[in-house]
Amino acid sequence: MNVTYFPPLQRAWERARRTLLSPFRLETWLVLGFAAFLSEWLSGGWGQSGLHRRAEWHGRAAEALAIFAHPVWGPLLIVVAAVAIVVALVFQWLGARGKFVFLDDVVHERPAIVAPWTAYRRQGNSLFLFKLAYWVVAAIVFGGVLLSAAGAAVLAWVGFHAPVAAAPPLAMGVSLLAVLGLIFAFVLLMLEDFVVPLMYRDGLLTLDAWRRFLPLLRQRLGTFVLYALFVLMLRVIVGAFVVAVGVGTCCVGFLLFLAPYIGQVVLLPVYFTFRALGPEFLGQFGPEFALFAAAPPPAAGGAPPTSPPPPQPGASA
Amino acid sequence: MIGASLCALRHVAGLACPTCGLTRAFALLARGAWREALVLHPWAAALVLQGVAALLLCCLWCAGRLRSRPDRWLPHAVGLNLVGLVLLWLVRLATGTLPG
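Residues numbered from 1 in each chain as written. Chains lettered and ligands numbered in written order. Predicted model: local features only at pLDDT ≥ 70, side-chain atom pairs only at ≥ 80, totals over all residues.

Q: Quick question: what am I supposed to make of the overall build of chain B here?
A: Scanning chain B for helices and strands turns up five helices and zero strands. Put simply, chain B runs from its N terminus to its C terminus through helices and strands in the order α-α-α-α-α. For 100 residues, the compact-globule estimate of 2.2 N^0.38 gives 13 Å, and chain B exceeds it by more than 25% at 16 Å. Considering chain B as a whole, with its 100 residues, one finds that 16% of them fall into the buried category. (Helix = DSSP H or I, 4+ residues; strand = E, 2+ residues; numbered from the N terminus. Rg over C-alpha atoms; globule rule 2.2 N^0.38 Å. Buried ≥ 20, exposed ≤ 12 C-beta atoms within 10 Å, placed from the backbone.)

Q: How do you make sense of the overall build of chain A when you look at a structure like this?
A: Looking only at helices and strands, chain A features 12 helices and zero strands. In chain A, the succession of α and β elements from N to C terminus is α-α-α-α-α-α-α-α-α-α-α-α. Counting over 317 residues, chain A shows a buried share of 31%.

Q: Hey, could you run me through the interface of chain A and chain B in this one?
A: Size of an interface, as often reported, equals the accessible area lost when the parts are brought together. On the chain B side, the residues contacting the 11 residues of chain A number 12 residues. Class assignment for the residues of the side of chain A that touches chain B results in eight nonpolar, two polar and one charged. (Contact = placed C-beta atoms within 7 Å. Nonpolar A, V, L, I, M, F, W, Y, C, P; charged D, E, K, R; others polar.)

Q: How should I be thinking about the nonpolar core in this particular structure?
A: Nonpolar side chains tend to gather and get buried jointly when the protein is soluble and globular. Membership of the largest hydrophobic core comes to 53 residues, with the highest contact counts inside it found for Val-195, Met-199, Leu-268 and Phe-272 of chain A. Broken down by element, the residue count for this core peaks at nine residues, all from helix α12 (residues 268-282) of chain A. Not counting chain neighbours up to four residues away, the residues in contact with Leu-268 of chain A comprise Leu-20, Trp-29, Leu-32, Gly-33 and Ala-36 of chain A. Cys-250 of chain A together with Cys-7, Cys-17 and Cys-20 of chain B belong to the second largest nonpolar core, which has seven residues in total. (Core = buried A, V, L, I, M, F, W, Y, C linked by C-beta atoms within 7 Å.)

Q: Looking at this structure, I do not really get unusual backbone geometry. What am I missing?
A: Residues and elements named next belong to chain A. Between Ser-22 and the following residue, Pro-23, the backbone shows a cis peptide bond with an omega angle of -5 degrees. The backbone of Cys-250 shows a phi angle near 55 degrees, a positive value even though the residue is not glycine. By the element assignment, Cys-250 lies in the loop between α9 (221-247) and α10 (252-258). Of note, the phi angle at Cys-251 is positive, near 70 degrees, even though the residue is not glycine. Summarising the element assignment, Cys-251 is placed in the loop between α9 and α10.

Q: So what exactly am I meant to see when it comes to helix α6 (residues 121-160) of chain A here?
A: Note on helix geometry: an α-helix contains 3.6 residues per turn, so any two residues three or four positions apart are oriented the same way. Residues and elements named next belong to chain A. In this model α6 runs 58 Å from its N-terminal to its C-terminal C-alpha over 40 residues, within 8% of the 58 Å that 1.5 Å per residue would give. Residues of α6 that are buried include every one of Gln-123, Gly-124, Leu-127, Phe-128, Lys-131, Ala-149 and Ala-153, and no others. Structurally, α6 contributes buried residues whose contacts are with α4 (73-108), α7 (167-202) and α8 (206-219). His-161 occupies a position one or two residues after α6 and carries a positive phi of about 55 degrees. (Expected span 1.5 Å × (residues − 1).)

Q: Please explain α12 of chain A as it appears in this structure.
A: Residues and elements named next belong to chain A. Between the first and last C-alpha of α12 there are 22 Å, a value that for 15 residues agrees with the 21 Å anticipated at 1.5 Å per step. Most pronounced at Ala-276, the bend in α12 amounts to some 25 degrees, and the proline Pro-279 follows within four residues. Judged by how many residues are buried, α12 sits mostly within the fold: 14 of 15 residues are covered. (Bend = angle between axes of the 7 residues up to and from the residue.)

Q: Before we go on, may I ask you to explain the confidence of the model for chain B in this structure?
A: Residues and elements named next belong to chain B. Averaged over all residues, the pLDDT of chain B equals 90, while 95% of them reach at least 70. Highest mean pLDDT in chain B belongs to helix α4 (residues 42-62) (94); lowest belongs to helix α1 (residues 8-13) (86). Confidence metrics for the complex model read pTM 0.83 and ipTM 0.83. (pLDDT = per-residue confidence, 0-100.)

Q: Sorry, what's going on with the packing of α4 of chain A against α12 of chain A here?
A: Packed helices, taken two at a time, are described by the angle their axes make and the gap between the axes. Residue and element names in this part refer to chain A. Viewed as axis vectors pointing N to C, α4 and α12 meet at an angle of 85 degrees, and their least axial separation amounts to 10 Å. The angle between the axes of α4 and α12 places the two elements in the roughly perpendicular class. Residues Phe-102, Leu-103 and Val-106 of α4 form the contact with α12, whose own contacting residues are Phe-272, Arg-275 and Ala-276. Residues that form the contact of α4 with α12 fall into these classes: five nonpolar, no polar and one charged. (Axes fitted to C-alpha atoms, helices over the stretch in contact; angles between N-to-C directions. Parallel < 35°, antiparallel > 145°, perpendicular 65-115°, else oblique.)

Q: Looking at this model, I keep getting lost on the packing of helix α2 (residues 26-41) of chain A against α12 of chain A. Mind explaining?
A: All names here are of chain A. Orientation of α2 relative to α12, taken along the N-to-C sense of each, is 60 degrees, at an axis distance of 10 Å. One way to sum up the angle between α2 and α12 is to call them oblique. For the crossing formed where α2 meets α12, the hand is left-handed. Mapping the contact onto sequence places Trp-29, Leu-32, Gly-33, Ala-36 and Glu-40 in α2 and Leu-268, Tyr-271 and Phe-272 in α12. (Left-handed = near helix turned anticlockwise from the far one by under 90°.)

Q: What's the story with the environment of Leu-267 of chain A in this structure? I'm lost.
A: Mapped onto the elements of the fold, Leu-267 of chain A is located in the loop between α11 (262-266) and α12. The class of Leu-267 of chain A is buried, set by 20 C-beta atoms lying within 10 Å.

Q: Is there a simple way to explain the confidence of the model for chain A in this structure?
A: Residue and element names in this part refer to chain A. In this model, chain A carries a mean pLDDT of 86, and residues with pLDDT of at least 70 account for 85%. Every residue in residues 46-55 is under pLDDT 50, and counting partners more than four places away or in other chains gives 15 contacts. Under a pLDDT of 50 for its full length, residues 301-317 has, in the predicted model, 30 contacts with residues more than four places off or in other chains.

Q: Explain the environment of Ala-27 of chain B to me, please; I cannot follow it from the model alone.
A: Position of Ala-27 of chain B among the secondary structure elements: in helix α2 (residues 22-30). In the structure, Ala-27 of chain B is positioned 17 residues away from Ala-44 of chain B in sequence and 9.7 Å away in space, judged by C-alpha atoms.

Following this line, the structure appears as structure tokens:
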């Protein structure tokens, strides 16, 4: 099977151009921008804001630990931390539900919020629970590696009475964390780009969609790793464009691109193309993976299909 | 200029960026000093004219006097403004008339 990378990108871009510019309607951009905001920004997808938010919280958590013993600041911090966790969970839940709203809009090339929000409730909630479990496992694994490396470094330092002895375990820990980070990011990309479209297409829950996708991933691992590199390259190009526009507009462009919702509206063609790219790429592996050829009808408040739709003649790459 | 410049291009390359001076030119236009505004950044006047035209078109469309929706021209307007700004910047760069 000949798998290509640029033709799916061309088809995804053509879909974005058709929906957003033929003809241009401001309300289409505003509604689809909101769907992209739900899908990408709130869940901290590939939008930078979510990544910043998480990094910021990690830093603040470390600072907070030191002053937890304070009689006033301690309890206050606990309350603030609890509120922050609840807000983060709500954002993640909205983001998981929003994934299906935006995907439904991309598939049917029309702006809609309420109908897909209701219709893909089961899938959205399932994705939220999966991602929650995923982050917990990631935190345990990363924390475990970090603590092991730090412990080994301290033991080596004390045992050999030389700070340089701590370098090898620290280097090993950092290398292991980098490799684990890449693996976790790869799994997240597979989830967002391929598992979510399968859930949408066949009305599956997250684990069922993974069961359908994993045999293909095992069989064509190299192809999907290349896809991840391809997506990374595209994101670097988009990042360079954002920097160029930001620098060329007295940094006003940065404010536009990074502002919640406004950024998604301004960069909607990019978000739309990236949302369509994964399903377009997956469709090359046969009609059983083709989303656009066998998409469920537009959500109108009813439930999505619970069984795979019948294969359509000529529905392939 | 009041306060520190936020322009990254000015900090890095010592050059004013394509939009440097727009805010000050808008302020001069608001005070009626259109000659100074044109010298500082000619595109400010063009943007004000476009804004007024867009407002008029929207009013006409709302009143049913215009058949096609005015927002259909928005992507073209944004594209032309970007090209215009870059071309103007290149001309001012070549002639040494970028704002200080």
